[in-house]
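Results of the structural survey
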Amino acid sequence: MLRRRLVFRSTAVQSAIAEACLIGVVSGLSAVLLKQSVNWLGSWRVQASEILPAILVLPAFGFFLGLLSGLIIENLAIEATGSGVPQIKGALAQFPILLNLRLALVKLLSSILSMAAGLTLGRQGPTVHIGAALAAQFSRWVPTSPEHRRQMIAAGAGAGLAAGFNAPLAGIMFILEELLQDLSQITLATAILACFIGAVISRLLGGRSLELNLEQVALSNSSFTVPEIPFYLLLGILAGLLGAVFHQGILTSLNFYQRLKLSLPLKIGLAAMICGFVVALLPTDFRNNSGLREFLITGDASWEFTSLAFVAYFILTLVSYGSGAPGGLFHPSLVLGAALGYLVGIGEFHVLLKDHTTTYALAGMGAFFSAVSKVPITAIVIVFEMTTDFNLVLPLMISSVVSYLIANKLAKGSLYQQLLEWRGYSLPASRTEQDLLAGLTASNLMQRRVETLPSQMTLKEAVQAFSNSHHRGFPVVDKGQLVGIITQTDLAEALHRRTQDWGLKTGEGNLAVGKFAPNSLAEILEEAETRGLALAEQNDTFSATENGLQMPTTFGQSPDSHSWWREVTLAQIMTPKPITVKPIDSLSHVLYLLNRYQLSRLPVTEEDKLVGIITRADIIRAEADKLSGETNQVGQATEPSYVVYQTRAPAVGKGRLLVPLATPETAHLLLRLAAAVARDRQYELECLQIITIPRTQHPTQTPVNTVNHRRLLRQAERLGRKWQIPVHTQIRVSHDVAQAILETIEERHISMIFKDWQGEATNSPGYIFSNVIDTLIRQAPCDLVLVKLGHKEDVMADGTIVSSCTLPLAWQRWLIPIAGGPNSRLALQLIPAFTTFANSPHINVAQVFSPSDSEPNITLLQQAASFLNEKLNYRVATIPIRAYSVSEAVINFATSQRCDVIILGASREGLLQQAIHGNIPEAIAKGVDSTVVLVRQAPG
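For the structure given in this document, a descriptive report is provided here. Fair warning: this is a prediction, and the values are worked out from it, not measured in the lab.

**Comments concerning the nonpolar core**
Soluble globular proteins tend to bury their nonpolar side chains together. Ranked by size, the top nonpolar core spans 116 residues in total, and within it Phe 246, Ile 250, Phe 330 and Phe 368 carry the most contacts. The element best represented in this core is helix H14 (residues 303–322), accounting for 10 residues. Not counting the four nearest positions on each side in its chain, Ile 250 is found in contact with Leu 318, Tyr 321, Leu 329, Leu 415 and Leu 419. Judged by nonpolar contacts, the second largest core, of 55 residues, contains Leu 670, Val 727, Phe 754 and Ala 827.

So this is what it looks like as structure tokens:
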């Protein structure tokens, strides 16, 4: 199952293009269906008003169809009210707003009824909403990442606008200007395809040719001269002022209808009846909403008719939209703009004696649209695509930009955003935590230093690599190209299949390993041990020593098992073509892939070249950096460190323990503690000195003096010879201490770090302990032990005073607070090595319980004490403590009992949460004079 999921090769671009094409087709078809249906049903209303008294027919017709439209919305999809653009903006902002096939169908039917009822609303808003809803439904049928779903919804909305206006460029600009503000390749590609196809379908089936509306070009006869500039500026100012009034009027109308306490069907029916009654009193040209705009553009209307049209349409649009009827504001904005521009054109004619009223009407359309929708570029493009007249571009730009600036000054923000807020979904302008995290990409999350394995590595070598590393999986790379991924599960399954053929010999007979499903290589060995297998075989299948189970050197009883173990390569058992991401992919896309396919790691590639890897721990680290305001990521903003001195000892250990040495006064004690742990775990010691230089200097070109640093490293070599521990040394020149340590971990395959933070500031802004310590806790991929030496002084039997920070023999009283996590287990495992120097130490294992807990569960305490009693020859005390504050309880107990050493656990997740609510290890370290040892197990 895991292999089938990993073999999946992402084809996001191809699937997005195919989906965009389909979205364009259905959006175009829905726009044509809406247009033809409104024209057909609306023509009945107009014809009936010519036969019967209009004062009766139009209000009655409007009330009945409006009531029916409201009933459909109220009972099937209440989200279908209004234009739909606010709902789309909310869905793109991840608000729980319904967008699906049912909504699209309800929006289509209810919009046909409401506009046929005579409400002065446009059909373009509903086509935008329908296109977005259909796109959202497609993204549910074919599961995709949240980011991809947002792009498809935006493409559907743009296709709806393009089909509604026969303006594909305007649809694209609307996506970029109002909905997504995203210029990524995939967004542009899907938007262009969906909008183009939607516009083509609309023109083909709407009865027009593929050429843009040449009839309007003949009508416009546009021109532009310098003396006309003041009139276009005046048009922009008037459009901006009246657009701001219209903006506020829409919100006022919505609030007024809300106070009426009527049902939605009655509101829509009442609004349609009012519109029908008013239109019945006006000239007959007002009865055809779709033809009014063209009538104003032709220049045949008088200034009286145009003024009446502007006032009537302005008021009736407010009445219609406030009721909640399905319909858009795009068309009313264009009609109002055409009327306003026509009036300015008449004024210009009386001053300059030039008849360019049609040009002013077209420029007014763009200006008023820009003032209402706050999308000046889209407004310019819509009118230009309607006319294809380049002479209109400058008038449109002047009037649209001026109107936008005026309207935005008087009524700040997008009308659609305020309509969304009116619905209860707030989009604050300030950057929230979600905004900060939304900006993260794979390049911000990934580790650039990746440990890889070659495809020709044998299975035996791979098992050894896994046993020497904390990683549970490795990318498989040949010549820089990612060819696969290998995990412990893959190794376990390979061994599992082989052992099913051979079986494992036990004292009671053969055991079929296939009776259990291992998740890792360790579980095969663990299962064998729990079933009492005789692991010492003549073929050396497994070996049991004083140190426990060891990795197999040959496997099984079959004559060919020995060669199989050495001949099988990773290319035969790895997962080829794993799921990958690109550096530019968003955090939401990364999380989607991790959760969708239950992955622990994601390789980051550029044209199949491995550039990094992302684990769940990396995401936590990146989020912590982002939330704390850190912008510099270790290893990215500075030059790599440079090794200026190194010595090597035989590589015979099971792992390596890194000891960065910084303070000569504490180096000897730190080395002795590290050596004790290294001897206990059969590790080699890697001693590191770091020389920091200013960032203006290059590590490879800066001369440094290493005499004093080498003296400290020779001290470590002498200790290694005395204790018979291999000791490697090196000196690095670096801009950043944490970066140099992380680079050493990666290059030298470090299993554990042993570092003191003596003398480092713990009150650095943005950090819990210090820059270096916090970075290591979050990013170090291995076990981490941090030692803060205390300054307690004890009086010895002979009366001399000794400092417990420099004399391990004085560390007699130990306190280990536990909580049951992996860090507590690591702390307990280190106790036998730490107490090597002590003479009959007194060890207290404590756990803090809430005072409200009447019967605390002390199972963890008992298990910890049992573990230590098996390893040590002296008494271990279990101390349950009742307190509300963990840090205060530990500090009070350590102070009262004069504890010499406190061992604490810390994790990256803990630091992220505790940085906000108070960090327990930091509070304890500051509150006691004892030595504090902070341990953190390797992530994963």
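**Some details on unusual backbone geometry**
The phi dihedral of Lys 261 is positive, around 60°, even though this residue is not glycine. The topology assignment puts Lys 261 in the loop between helix H11 (229–259) and helix H12 (264–281). Given a relative accessible area of 72%, Lys 261 falls into the exposed group. Positive phi, normally seen in glycine, also occurs at His 749, with a value near 55°. Looking at the secondary structure, you find His 749 in the loop between helix H31 (737–748) and strand E14 (752–756).

**A word on the environment of Glu 79**
When you line up the elements, Glu 79 lands in the loop between helix H3 (54–76) and helix H4 (85–92). Note on Glu 79: relative accessible area 25%, which makes it partly exposed. Residues Glu 79 and Leu 99, spaced 20 residues apart in sequence, show a C-alpha to C-alpha distance of 8.5 Å. Excluding residues that lie within four positions of it along the chain, Glu 79 makes contacts with Gln 87, Leu 98, Leu 103 and His 129.

**Structural notes on the pairing of strand E18 (residues 813–817)**
Counting buried positions along E18 yields four of five residues, so the element is predominantly enclosed. With five bridges joining them, E18 and strand E19 (residues 842–849) adopt parallel strand pairing. Counterpart to Trp 814 in the pairing with E19 is Ile 843. Note that E18 and strand E21 (residues 901–905) share two bridges and pair parallel. Looking across to E21, one finds that Leu 815 is bridged to Ile 902.

**A look at the side chain of Gln 124**
Along the chain, the position of Gln 124 falls in helix H6 (residues 124–141). On the basis of relative accessible area, Gln 124 is assigned to the buried category, the value being 4%. In contact with Gln 124, not counting residues within four places along its chain, are Gly 164, Phe 165, Phe 330 and His 331.

**Some remarks on the sheet that holds E21**
Pairing is mixed in the open sheet, where 11 strands are placed in the order E10-E13-E12-E11-E14-E15-E22-E21-E18-E19-E20. Each edge of the sheet is formed by a strand with only one pairing partner; in this case those strands are strand E10 (642–647) and strand E20 (876–882). Strand-to-strand twist of the sheet, defined as the mean angle between neighbouring strand axes without regard to direction, takes the value 20°. Contacts between helix H29 (residues 664–681) and the sheet are confined to strand E11 (655–660), strand E12 (683–692), E14 and strand E15 (783–788), with E14 contributing the most and set at about 160° to the helix. Against the sheet, helix H34 (residues 859–871) engages E19 and E20, with an angle of about 165° to E19.

**Let's talk about the packing of H12 against H14**
Relative orientation of the contacting elements H12 and H14 amounts to 160°, with a least axis distance of 9 Å. Viewed along their axes, H12 and H14 adopt a mutual orientation that is roughly antiparallel. The interaxial crossing formed by H12 with H14 has left-handed handedness. Every residue of H14 that contacts H12 at Ala 271, Ile 274, Cys 275, Val 278 and Val 279 is listed here: Leu 316, Val 319 and Ser 320. Broken down by class, the residue content of the contact of H12 with H14 amounts to seven nonpolar, one polar and no charged.

**Considerations on a nonpolar patch on the surface**
A surface patch of nonpolar side chains, amounting to about 330 Å² of accessible area, comprises Val 25, Leu 29, Leu 204 and Leu 205. Where the nonpolar patch is concerned, the elements lending two or more residues are helix H2 (12–51) and helix H9 (185–205). Of the residues examined, Leu 29 reaches a relative accessible area of 41% and is grouped as partly exposed.

**So, H3**
The first and last C-alpha atoms of H3 sit 32 Å apart over 23 residues, in line with the 33 Å expected at 1.5 Å per residue. Along H3, the residues that are buried comprise Ala 54, Val 57, Leu 58, Pro 59, Gly 62, Leu 65, Gly 66, Ser 69, Gly 70, Ile 72 and Ile 73.

**Some details on the pattern of salt bridges**
Going through the model one piece at a time under the given rule, you end up with seven salt bridges. Taking the shortest distance from any N to any O, the salt bridge between Arg 813 and Asp 900 comes out at 3.7 Å. Here Asp 900 lies in the loop between helix H35 (886–896) and E21 and Arg 813 lies in strand E18, a separation of 87 residues in the sequence. On the accessibility criterion, Arg 813 (26% relative accessible area) is partly exposed. The structure contains a network of salt bridges with shared partners spanning Arg 648, Glu 686 and Arg 748.

**What to know about the packing of aromatic side chains**
A full pass over the atoms with the stated rule returns 14 aromatic pairs. With centroids separated by 5.9 Å and ring planes inclined at 70°, the aromatic side chains of Phe 246 and Phe 368 adopt a geometry described as edge-to-face. With Phe 246 in helix H11 and Phe 368 in helix H16 (residues 357–373), the pair connects residues that are 122 residues apart, well separated along the chain. Judged on exposure class, the residue Phe 246 and its partner Phe 368 are both buried. For the pair Phe 330 and Tyr 416, a centre-to-centre distance of 6.2 Å together with 70° between the ring planes defines the contact as edge-to-face. One end of the pair, Phe 330, is in helix H15 (residues 330–352); the other, Tyr 416, is in helix H19 (residues 415–422), with 86 residues separating them in the sequence. Summarising the burial analysis for this pair, Phe 330 and Tyr 416 share the class buried. Among the aromatic residues, those joined into a cluster by ring pairs are Phe 165, Phe 174, Phe 330, Phe 369 and Tyr 416. The ring centre of Trp 723 lies 4.3 Å from the NZ or CZ of Arg 679, which sits over that ring. For the cation-ring pair, Arg 710 lies above Tyr 645, with the distance from its terminal atom to the ring centre recorded as 5.7 Å.

**Some words on H29**
For H29, with 18 residues, the first-to-last C-alpha span of 26 Å sits near the 26 Å given by 1.5 Å per residue. Every buried residue belonging to H29 is among Thr 666, Ala 667, Leu 669, Leu 670, Leu 671, Leu 673, Ala 674, Ala 675, Ala 676, Val 677, Ala 678 and Arg 681, and all of these are buried. Following H29 by one or two positions, Gln 682 adopts a phi angle in the positive range, close to 60°.

**Concerning the side chain of Thr 706**
By the secondary structure assignment, Thr 706 is in the loop between E12 and helix H30 (707–723). Residue class for Thr 706 comes out buried when judged on its relative accessible area of 12%. Those residues within four positions of Thr 706 in sequence are excluded, and the remaining contacts are Val 644, Ile 691 and Ile 731.

Cut-offs and rules
Residues numbered from 1 in each chain as written. Predicted model: local features only at pLDDT ≥ 70, side-chain atom pairs only at ≥ 80, totals over all residues. Heavy atoms only, no water. Core = buried A, V, L, I, M, F, W, Y, C linked by side-chain atoms within 4.5 Å. Buried < 20%, exposed > 50% of the residue type's maximum accessible area, 1.4 Å probe, protein only. Helix = DSSP H or I, 4+ residues; strand = E, 2+ residues; numbered from the N terminus. Contact = heavy atoms within 4.5 Å. Pairing = 2+ DSSP bridges. Axes fitted to C-alpha atoms, helices over the stretch in contact; angles between N-to-C directions. Parallel < 35°, antiparallel > 145°, perpendicular 65-115°, else oblique. Left-handed = near helix turned anticlockwise from the far one by under 90°. Nonpolar A, V, L, I, M, F, W, Y, C, P; charged D, E, K, R; others polar. Patch = residues over 30% accessible without salt bridge, like charges linked within 9 Å, V, L, I, M, F, W, Y side chains within 5 Å. Areas by Shrake-Rupley, 256 points an atom, 1.4 Å probe, with all protein chains shown as cover. Salt bridge = Lys/Arg side-chain N within 4 Å of Asp/Glu carboxyl O. Expected span 1.5 Å × (residues − 1). Phe/Tyr/Trp six-rings, centres within 6.5 Å; stacked < 30°, edge-to-face > 60°. Lys NZ or Arg CZ within 6 Å of the ring centre and 35° of its normal.

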